[in-house]
Every structure is written in structure tokens, then in C-alpha cells.
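Chain residues, written in single-letter form:
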Amino acid sequence: MFEDRMRVLIAEDETIIRLDLRQLLEEHGFEVVGEARDGLEAVELARETQPDVGLFDIRMPELDGVEAARRVYAERPMPIVMLTAYADPELVTRAIGAGVFSYLTKPFEARHVVPAIQAAVARHEELLEARRHIGSAPRSVELDVRSSSGQVWPLRLARRADGSLDVTLYDVK
């Protein structure tokens with residue numbers, strides 16, 4: 001999947017947790033390319049370090065993890081795992097809407113961190129593959145639509161550059 005070690009950005013305002021995550025990830029062969037103490041720093045570090053994956057705490061100063069994830073994902077889509085002490089369904093929904101691919105509730109066990117990252121990376125790859133597939137689909141499709149009376153209407157459906165659909169009745173000769 002990656003030529004070298006997977007590069008991780010950690011965004012966690014609690015120093016002890018941030019240091020524990022760094023140690024755990026490095027022990028499992030990951031390269032920690034940045035450690036943010038707040039959401040704004042996470043966005044900046046994501047720009048500077050170009051990580052492969054992010055671990056973001058949901059509640060951080062300056063900018064919460066959900067908004068930080070949204071901004072990072074909008075600039076450079078990458079798998080993000082959200083860390084939180086809050087198992088609030090609304091937060092989970094907001095996090096997923098921001099582009100988060102996996103979710104760990106604190107206190108989490110070290111043995112759950114790597115699988116959460118692996119799951120996020122796998123889901124992100126599946127999403128990218130689906131987007132590539134959709135992007136390679138034919139730009140236009142021609143088909144015959146039959147009315148209830150048996151009349152045949154030859155149609156061409158084409159996707160415009162802006163994503164809208166152009167429906168044209170055409171003559172078959």
C-alpha cells in the first residue's frame with residue numbers, strides 16, 4: 001500500500017496520551033510525522049507533513065477534532081481515526097460526515113489502535129477505488145424507453161462536466 005512506513009499525524013491535546021500513541025505506533029512500524037496539541041495545529045501539520053493517516057482527538061482546544069478532520073480531508077483526503085472519551089452518537093455522526101473512517105473510545109486498549117488504523121486505511125482505499133470506477137464509467141449511455149402503448153423513445157443520457165445529466169431524444173437511422 002505504501003512504499004515505506006505509514007506516516008501518521010497525531011492530534012491529541014493530552015500530552016501523556018499523545019506520547020503513549022507515538023510510542024505504540026513506532027513500536028508497530030509506523031512513522032509519526034507530527035504531533036498536534038490542538039485542531040488548528042493539526043490542520044497546519046497535515047499541510048506540512050503530508051501524512052498517510054491521522055489520529056485526531058475529538059475534543060481539542062482552538063478547533064475541535066471533527067472540524068480539523070473536515071478541513072484536512074477537504075484539502076487532502078486521507079484516512080482519519082477519531083479518538084474520544086465521548087461515546088455520543090451525535091459526535092460519531094458529525095465525525096463520519098467530516099471524513100472520519102474509524103472511531104476509538106477512550107480509554108482504548110493499545111491492541112485496538114493498529115486495527116483501527118488498518119480498518120480506516122482499507123475503507124479509504126475502497127472509497128478511492130469506487131470513485132476511480134465511477135470516474136471511468138462511460139460519459140453517455142444510449143437506450144430505448146418503451147411507453148405503455150409500445151412506442152419506442154431512443155434516449156441518450158450524458159453526464160455534463162458540472163455533473164448534471166443531459167437527456168436527449170435522438171433519431172435512430
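Notes on the structure in this doc start here. Here the structure is a predicted model, which means the values were calculated and not measured.

Cut-off values and rules
Residues numbered from 1 in each chain as written. Predicted model: local features only at pLDDT ≥ 70, side-chain atom pairs only at ≥ 80, totals over all residues. Heavy atoms only, no water. Helix = DSSP H or I, 4+ residues; strand = E, 2+ residues; numbered from the N terminus. Contact = heavy atoms within 4.5 Å. Areas by Shrake-Rupley, 256 points an atom, 1.4 Å probe, with all protein chains shown as cover. Phe/Tyr/Trp six-rings, centres within 6.5 Å; stacked < 30°, edge-to-face > 60°. Buried < 20%, exposed > 50% of the residue type's maximum accessible area, 1.4 Å probe, protein only. Axes fitted to C-alpha atoms, helices over the stretch in contact; angles between N-to-C directions. Parallel < 35°, antiparallel > 145°, perpendicular 65-115°, else oblique. Left-handed = near helix turned anticlockwise from the far one by under 90°. Pairing = 2+ DSSP bridges. Salt bridge = Lys/Arg side-chain N within 4 Å of Asp/Glu carboxyl O.

When its secondary structure is counted, the protein chain shows five helices and eight strands. Taken from N to C terminus, the helices and strands of the protein chain fall in the order β-α-β-α-β-α-β-α-β-α-β-β-β. When contacts within the protein chain are restricted to residue pairs at least 6 apart in sequence, long-range pairs at least 24 apart make up 53% of them. A total of about 10,200 Å² of accessible surface is found on the protein chain, and carbon and sulfur atoms cover 52% of it.

This paragraph deals with the packing of aromatic side chains. With the rule as written, the count across this model stands at one aromatic pair. Pairing tyrosine 73 with phenylalanine 101 gives two aromatic rings, centres 5.9 Å apart and planes at 45°, and the pair type is tilted. A residue pair is termed long-range when its members are at least 10 positions apart, and tyrosine 73 in helix H3 (residues 65-75) and phenylalanine 101 in the loop between helix H4 (89-97) and strand S5 (102-105) qualify at 28 residues. Overall, tyrosine 73 belongs to the buried group, its relative accessible area being 11%.

A few words now on the packing of helix H2 (residues 39-49) against H3. Look at H2 against H3: their axes get within 9 Å of each other, and the N-to-C directions meet at 15°. It follows from the interaxial angle that H2 and H3 lie roughly parallel. Relative to H3, H2 is oriented so that their crossing is right-handed. In this structure, H2 contributes Gly39, Leu40, Ala42, Val43, Ala46 and Arg47 to the contact, and H3 contributes Ala68, Arg71, Val72 and Glu75.

We now examine the sheet that holds strand S2 (residues 31-36). Across the sheet, which stays open at both edges, the five strands sit in the order S2-S1-S3-S4-S5 with parallel pairing between neighbours. Each edge of the sheet is formed by a strand with only one pairing partner; in this case those strands are S2 and S5. Averaged over neighbouring strand pairs, the angle between their axes works out to 20° when direction is ignored. Here strand S4 (residues 80-84) runs beside S5; their pairing, made up of four bridges, is parallel. Each bridged residue has a counterpart across the sheet, and for leucine 83 the counterpart in S5 is leucine 104.

With that settled, consider the sheet that holds strand S8 (residues 165-169). Judged by pairing direction, the sheet is antiparallel, and its three strands sit side by side in the order S6-S7-S8 without closing on themselves. The sheet is open, and its two edges are formed by strand S6 (140-146) and S8, each paired on a single side. Averaged over all pairs of adjacent strands, the angle between their axes in this sheet comes to 25°, without regard to strand direction. Examined bridge by bridge, strand S7 (residues 152-159) and S8 share five bridges and lie antiparallel to one another.

With the rule as written, the count across this model stands at 14 salt bridges. Residue arginine 18 pairs with glutamate 35 through a salt bridge whose shortest N-O separation is 3.4 Å. Remark: glutamate 35 occurs in strand S2 and arginine 18 occurs in helix H1 (residues 15-27); sequence separation between them is 17 residues. Accessibility expressed as a relative area gives 8% for arginine 18, which makes it buried. The exposure class assigned to glutamate 35 is partly exposed, which follows from its relative accessible area of 24%. Here arginine 47 ties to glutamate 44 by a salt bridge, and the two come within 2.4 Å at their closest N and O atoms. Of this pair, arginine 47 and glutamate 44 both sit in helix H2, three residues apart, roughly one helical turn. The network of salt bridges with common partners includes Arg18, Arg22, Glu26 and Glu35.

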